[in-house]
Amino acid sequence: MVREQYTTTPEGTRVERPENQSVYKIGIYGWRKRCLYLFVLLLLIVLLVNFALTIWILKVMWFSPTGMGHLYVTEDGLRLEGESEFLFPLYAKEIHSRVDSSLLLQSTQNVTVNARNPEGEVTGRLKVGPNMVEVQSQQFQINSKDGKPLFTVDEKAVVVGTDKLRVTGPEGALFEHSVETPLIKPEPIQDLRLESPTRSLSMDAPKGIHIQAAAGKIEALSQMDIVLHSSDGTLVLDAETVCLPKLAQGTQGPTSSLQGLYEICACPDGKLYLSVAGVGTTCHENSHICL
């Protein structure tokens, strides 16, 4: 409890008041004040440096209300002018060039374009490398400017939609399996050669095979036998001259003609041979060739 004391003095009496025993100063003085001023000065210097750096970055990066440098923000998206370098993957819905220039994608290693489904899995990939162009997809298709399929590849077949497939290599075309086509023809002044170096060559057609040489000859070479077989029809050799130069020839008998005429004889197995013509048939005289 605080007790207050009052002193009453008569009028005209001088009362001596006690002197103040201690004086309290309010504020920061001495080295604390100097440290505070120094801290405020350092803070102002940092703010000025940050402001100067911000102005410098805005000027160097060409920041503007419409974009940054050659990158402009438009209603349709982003427009980038000049050459640009991307250090990380670029994700975009559509990339196209200006109307009066072409689009160039360039890389020191490879250029890869991926298409992903909503789950993030790669469904299609186009990779252009230094030695190979690789396409990974369920189907690869090349269309003409009017949308007509020109070349289609999938796991089952390769379809060429053009009217003509032209192979200009000096070695021709090599097929490891069968080829289905309605017409095979060479260039106007070139020869057509169908060859199987180590296996057989077969041509099948349900309605017939037509071989025609309009301005040359047709030549068939075989190391073994050449078989012409017709199951239901006949074999027709329709020409002004039919030459069989290497048929076996029988010995010339005493009754043979001196005019150099021969008749063609056939063995039971179908083998043909020549026999010198006479007044009658002479095939039986040379039938030993069939043995």
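This text gives an overview of the structure that appears in the document. As the structure is a computational prediction, the values presented were derived from the model and not from experiment.

Another point: the overall build of the chain. The secondary structure content of the chain amounts to one helix and 13 strands. In the chain, once contacts between residues fewer than 6 apart in sequence are set aside, the share between residues at least 24 apart is 9%. Counting only carbon and sulfur atoms, one obtains 56% of the accessible surface of the chain, whose full area is about 29,200 Å².

What follows is about the pairing of strand β7 (residues 133–136). Two strands pair when backbone bridges link them, and strand β6 (residues 122–128) and β7 are joined in this way by four bridges, in the antiparallel orientation. Counted as the bridge partner of Arg125 is Gln136 from β7. Connecting β6 to the next strand, β7, in antiparallel fashion are four residues.

Moving on, we come to the state of the cysteines. By definition, a disulfide links the sulfur atoms of two cysteine residues through a covalent bond. Counted under the stated rule, the structure contains two disulfides. One disulfide bridge connects Cys265 with Cys283, the sulfur atoms lying 1.8 Å from each other. Note on the Cys265 and Cys283 pair: the S-S dihedral is about -80°, so by sign convention the disulfide is left-handed. Here Cys265 is found in strand β12 (residues 262–266), whereas its partner Cys283 is found in the segment after β13 (272–276), with 18 residues between them in sequence. When its relative accessible area of 17% is taken as the criterion, Cys283 is described as buried. Here Cys267 engages in a disulfide with Cys290; their sulfurs sit 1.8 Å apart. Sign of the S-S torsion, about -80° for the bond between Cys267 and Cys290, identifies this disulfide as left-handed. Taken as a pair, Cys267 in the loop between β12 and β13 and Cys290 in the segment after β13 lie far apart in primary sequence, 23 residues in all. Residue class for Cys267 comes out buried when judged on its relative accessible area of 6%. The connectivity of the disulfides in the chain is 1-3, 2-4, where the numbers refer to bonded cysteines in sequence order.

Here we take up the layout of surface pockets. Of the voids in this model, the second largest pocket is the one considered here, and its volume is about 2,300 Å³. Contributing to the lining of the second largest pocket are 39 residues, with Phe86, Leu90, Ile95, Leu103 and Leu105 lying nearest its centre. Elements with a minimum of two residues in the lining of the second largest pocket: β4 (78–80) and β5 (111–116).

Our next topic: the environment of Arg79. As for its placement among the helices and strands, Arg79 is situated in strand β4. Through-space distance from the C-alpha of Arg79 to that of Ile95 is 9.9 Å; in sequence the pair is 16 residues apart. Here Arg79 is in contact with His70, Leu71, Tyr72 and Thr74, once residues within four sequence places are set aside.

Once that is clear, we can look at the sheet that holds strand β11 (residues 248–249). With respect to topology, three strands assemble into an open sheet ordered β11-β13-β12, the strand pairing being mixed. Every interior strand has two partners, whereas the edge strands, β11 and β12, have only one. Looking at chain direction, β12 and β13 are connected through five bridges and run antiparallel. Across the sheet, Tyr262 pairs through a bridge with Val276, a residue of β13.

Looking now at the side chain of Thr152. Mapped onto the elements of the fold, Thr152 is located in strand β9 (residues 149–153). On the basis of relative accessible area, Thr152 is assigned to the buried category, the value being 12%. Once residues lying within four places of it in the same chain are set aside, the contact partners of Thr152 are Gln139, Phe140, Gln141, Ala157, Val158 and Val159.

Rules used throughout
Residues numbered from 1 in each chain as written. Predicted model: local features only at pLDDT ≥ 70, side-chain atom pairs only at ≥ 80, totals over all residues. Heavy atoms only, no water. Helix = DSSP H or I, 4+ residues; strand = E, 2+ residues; numbered from the N terminus. Contact = heavy atoms within 4.5 Å. Areas by Shrake-Rupley, 256 points an atom, 1.4 Å probe, with all protein chains shown as cover. Pairing = 2+ DSSP bridges. Disulfide = S-S within 2.5 Å. Buried < 20%, exposed > 50% of the residue type's maximum accessible area, 1.4 Å probe, protein only. 1 Å grid on protein atoms, 1.4 Å probe; cavity = no way out; pocket = protein on both sides within 12 Å on 5 of 7 lines; lining within 4 Å. Points joined across faces, edges and corners; volume = space filled by probe spheres on them.

Don't take any of this as a statement about function, it's just geometry.
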